[in-house]
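The primary structure of each chain is shown beneath.
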Amino acid sequence: MKYAITDKCVGCYACQLVCPSQAVYADPDVNGRFHIHSRRCTGCEDHYDAPQCASICPIEEAIVNEMNLPVNPQGSLTGIISPGAAL
Amino acid sequence: MERQSMPSTTQHAATRPADQVRHLLPKDIQQQIATHPCYSKQAHQYARMHLPVAPACNIQCHYCNRKYDCSNESRPGVVSRLMDSDGALKQFRSIKRRAPNLTVVGIAGPGDALANSQATFATLKKIRMEDPQAQLCISTNGLMLEHYASELAAAGVHHLTVTINCIDPAIGEQIYPWVYYDHKRLRGRAAAERLIQNQLAGLEAAAAAGMLVKVNTVLIPGINDHHIEQVSQEVRRRGALMHNIMPLISAAEHGTFFGIRGQRGPSASELEAARAISSQYMPQMTHCQQCRADAVGTLGGGCGQSEEPVVEHSYKVAVAGNGEALIQTHFGHAKRFEIYRFDKQQQQFIYLETRQVAQYCSGTHACPDDDSDKQLIIDAVADCQTVLCARMGIAPWRALEKLGVTPNVDFAFQPITEALASIAARIATPLTPGGNHEVCHY
């Protein structure tokens, strides 16, 4: 397992559309939630310089790496950093 | 392109109200947009339908927040329910059956139509097979437009909207924090350069492929308001047919970058000034309602806008239900109403729009709870003369009567079409003359 999707995911399908390994799948039980298949995910290492899911994901902290650290931390995509800003 | 060459009446254009675009457009174009309510204000009696099949986006704009999904919101990029292409076809059939005035089927998000190319093209093909008369249109941020322009034309897309806010990357980097292109997330100046370059090339390709291209520009005071003339000149040079300058929507509670930073939207006079500048170069569209990506109905009422300056003197019927052919929904359980308006020429009811009950939330509550639900349902139909449903409790019945709305359960479990025909026969006498159904202006 390289990457995983957290419950911040808003279900926009973008990562599923760009994953070269078809590792992203919709949660069968929770509408609008997605997961990354741990064995299918290659981290895109054999394909691209950067993981594709994390390169298109619009939601900060929705994708984490092996260390459980967000690939797109707060403020890194929207420029919104103030703590009260998160909705 | 030759057909877009403009008569040499620019000094008139500057003094003429910016919305009178017909004189500027050649006759053949006028005919092509005559039944498209987003292109022609005169087409307001025609309904359009946005199919929310495109959830993903490949860029971020500072006026957009992808987290939001509340049916109380009415603005671009917001939907309550996504659909796949089969669901979209089903929805189209269900609306089309009762809405002969449904002329336009579009894909406008909630992400970008061309970031979801598979879903978008699958949907376009299904709708076209079902109804070759339907006018297909899409709106896009333009990042992938050049790539798909010929495929779109081949799929029968005739109307296309591309949002171009600036042609200068220095301005663009204040609007777009990132762009996903060619498997990379670009940021800053590089993102803006890529996006603008692709937008302009895409616009040119789409116009060359024969599509009628409208350019949307979000007017952002202090960021692109001094830049409108350059945008207008450039997009016209590339083949855009008309310009739709829209005011920035930036309420803090929407959680967008601009909203949180306190970036204000333009005043009415600032918007008018920008349109006047652009009108020197291109016809202006001024009746845009900035619809949701799942909006259905005519432009005058289908967007959940609360401010409707024009009072309609026509007979409207609300039918409780969820798209069924029969009247089978209890009033108190209604999540949506189909609204039909009596058409005096045709002497029958014409489908106007579908209203989501939650849209009528006043905004004082974050979300409707059980108590406010009842009031929301009543508010949703308060402007109608008759409400058709299967059953109704005595409290809402009285509340509606007080508002001058007549509840009617006589047609319970009967087809909607028969109920409407029966009511039409009863009221088929001239009503108050000449309701002005013009949509509101900013």
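Here, the structure is the one placed above.
Computed from a predicted structure; not experimentally measured. (Residues numbered from 1 in each chain as written. Chains lettered and ligands numbered in written order. Predicted model: local features only at pLDDT ≥ 70, side-chain atom pairs only at ≥ 80, totals over all residues. Heavy atoms only, no water.)

Observations regarding the overall build of chain A
Scanning chain A from N- to C-terminus turns up two helices and four strands. Tracing chain A from N to C terminus, the helices and strands come up as β-α-β-β-α-β. Taken across its 87 residues, chain A has 46% of its residues classed as buried. In chain A, 43% of the contacts between residues at least 6 apart in sequence involve partners at least 24 apart. (Helix = DSSP H or I, 4+ residues; strand = E, 2+ residues; numbered from the N terminus. Buried < 20%, exposed > 50% of the residue type's maximum accessible area, 1.4 Å probe, protein only. Contact = heavy atoms within 4.5 Å.)

Points about the pairing of strand β13 (residues 348-356) of chain B
All names here are of chain B. In terms of burial, β13 is largely enclosed, as seven of its nine residues are buried. Pairing between strand β12 (residues 336-343) and β13: eight bridges, direction antiparallel. Considered in β13, the bridge of Phe342 is made with Phe349. Taken together, β12 and the strand that follows it, β13, pair antiparallel across an intervening segment of four residues, in which Gln347 is found at a positive phi of about 55°. (Pairing = 2+ DSSP bridges.)

Comments concerning the sheet that holds strand β7 (residues 184-187) of chain B
All names here are of chain B. Read from one edge to the other, the open sheet built from three strands follows the order β2-β6-β7, with strand pairing classed as antiparallel. Unpaired on one side and paired on the other, β2 (59-60) and β7 mark the two borders of the sheet. Pairing of strand β6 (residues 178-181) with β7 involves four bridges; the strand directions are antiparallel. Considered in β7, the bridge of Val179 is made with Leu186. Relative to the sheet, helix α7 (residues 188-208) contacts β2, β6 and β7, its axis offset from that of β7 by approximately 105°. (Axes fitted to C-alpha atoms, helices over the stretch in contact; angles between N-to-C directions.)

Structural notes on the pairing of strand β3 (residues 102-107) of chain B
Residues and elements named next belong to chain B. Summarising burial for β3: six of the six residues are buried, a large majority. Relative to β3, strand β1 (residues 47-50) runs parallel, the two sharing four bridges. In the strand pairing of β3, Ala47 is matched with Leu102. Sheet analysis places β3 next to strand β4 (residues 135-140), joined by four bridges and oriented parallel. Bridging from a neighbouring strand, Val105 pairs with Leu136 of β4. Running through helix α4 (residues 117-130), the crossover from β3 to the neighbouring parallel element β4 is right-handed. (Right-handed = clockwise from strand over helix to strand, strands pointing away.)

Topic: unusual backbone geometry
All names here are of chain B. You will see that Asp182, though not glycine, has its phi angle at about 50°, which is positive. Structurally, Asp182 is set in the loop between β6 and β7. Despite not being glycine, His183 shows a phi value in the positive range, around 70°. On the basis of relative accessibility, which here comes to 31%, the residue His183 falls in the partly exposed class.

Some remarks on empty space enclosed by the protein
All chains considered together, the criterion is met by ten cavities of 30 Å³ or more. The space that makes up the second largest cavity amounts to roughly 120 Å³. Considered class by class, the residues forming the lining of the second largest cavity number 13 nonpolar, one polar and no charged. (1 Å grid on protein atoms, 1.4 Å probe; cavity = no way out; pocket = protein on both sides within 12 Å on 5 of 7 lines; lining within 4 Å. Points joined across faces, edges and corners; volume = space filled by probe spheres on them. Nonpolar A, V, L, I, M, F, W, Y, C, P; charged D, E, K, R; others polar.)

Quick notes on the side chain of Gln135 of chain B
Relative to the helices and strands, Gln135 of chain B resides in strand β4. For Gln135 of chain B, the side chain forms a polar contact with the side chain of His159 of chain B, separated by 3.4 Å. (Polar contact = N/O pair within 3.5 Å; in protein donor to acceptor, adjacent residues only side chain to side chain.)

Structural notes on the pattern of salt bridges
Applying the stated criterion to the full structure yields twelve salt bridges over all chains. The closest approach of N and O atoms between Lys8 of chain A and Glu61 of chain A, which form a salt bridge, is 2.8 Å. With Lys8 of chain A in the loop between β1 (4-5) and α1 (14-18) and Glu61 of chain A in the loop between α2 (52-56) and β4 (63-64), this residue pair connects regions lying 53 residues apart in the sequence. The closest approach of N and O atoms between Glu173 of chain B and Arg189 of chain B, which form a salt bridge, is 2.8 Å. (Salt bridge = Lys/Arg side-chain N within 4 Å of Asp/Glu carboxyl O.)

Here we look at the interface of chain B and chain A
Interface size, as often reported, equals the accessible area lost upon joining of the parts. Taken residue by residue, the interface counts 26 residues in chain B and 24 residues in chain A. For the pair chain B and chain A, the summed buried surface comes to about 1900 Å²; carbon and sulfur atoms form 61% of the total. If you sort the residues of chain B by the area they bury against chain A, Lys67, Tyr180 and Arg185 of chain B come out on top, with a joint share of 29%. The interface formed by chain B and chain A contains zero salt bridges. (Buried area = accessible area lost by both parts, 1.4 Å probe.)

With respect to a nonpolar patch on the surface
There is a patch of nonpolar side chains on the surface, built from Tyr13 and Leu17 of chain A together with Leu82 of chain B and spanning about 230 Å² of accessible area. Within the secondary structure, Leu17 of chain A is located in helix α1. (Patch = residues over 30% accessible without salt bridge, like charges linked within 9 Å, V, L, I, M, F, W, Y side chains within 5 Å. Areas by Shrake-Rupley, 256 points an atom, 1.4 Å probe, with all protein chains shown as cover.)

A look at the nonpolar core
Residues and elements named next belong to chain B. Core analysis: the largest hydrophobic core is formed by 79 residues, its most contacted members being Leu124, Ile138, Leu152, Leu160, Val235, Phe349 and Leu388. What Phe349 contacts, discounting residues up to four positions off in sequence, is Tyr315, Val317, Tyr340, Arg341, Phe342, Leu420, Ile423, Ala424 and Ile427. By size, the runner-up hydrophobic cluster in this structure holds 19 residues, among which are Ala334, Val357, Ile378 and Val381. (Core = buried A, V, L, I, M, F, W, Y, C linked by side-chain atoms within 4.5 Å.)

Regarding the environment of Arg194 of chain B
Residues and elements named next belong to chain B. If you trace the backbone, Arg194 turns up in helix α7. Under the relative-accessibility criterion, Arg194 is labelled partly exposed at 26%. Each C-alpha atom, one on Arg194 and one on Tyr180, is 9.7 Å from the other, the two residues being 14 residues apart in sequence. Each residue touching Arg194, except ones within four places of it in the same chain, is listed here: Leu143, Val179, Tyr181 and Leu186.

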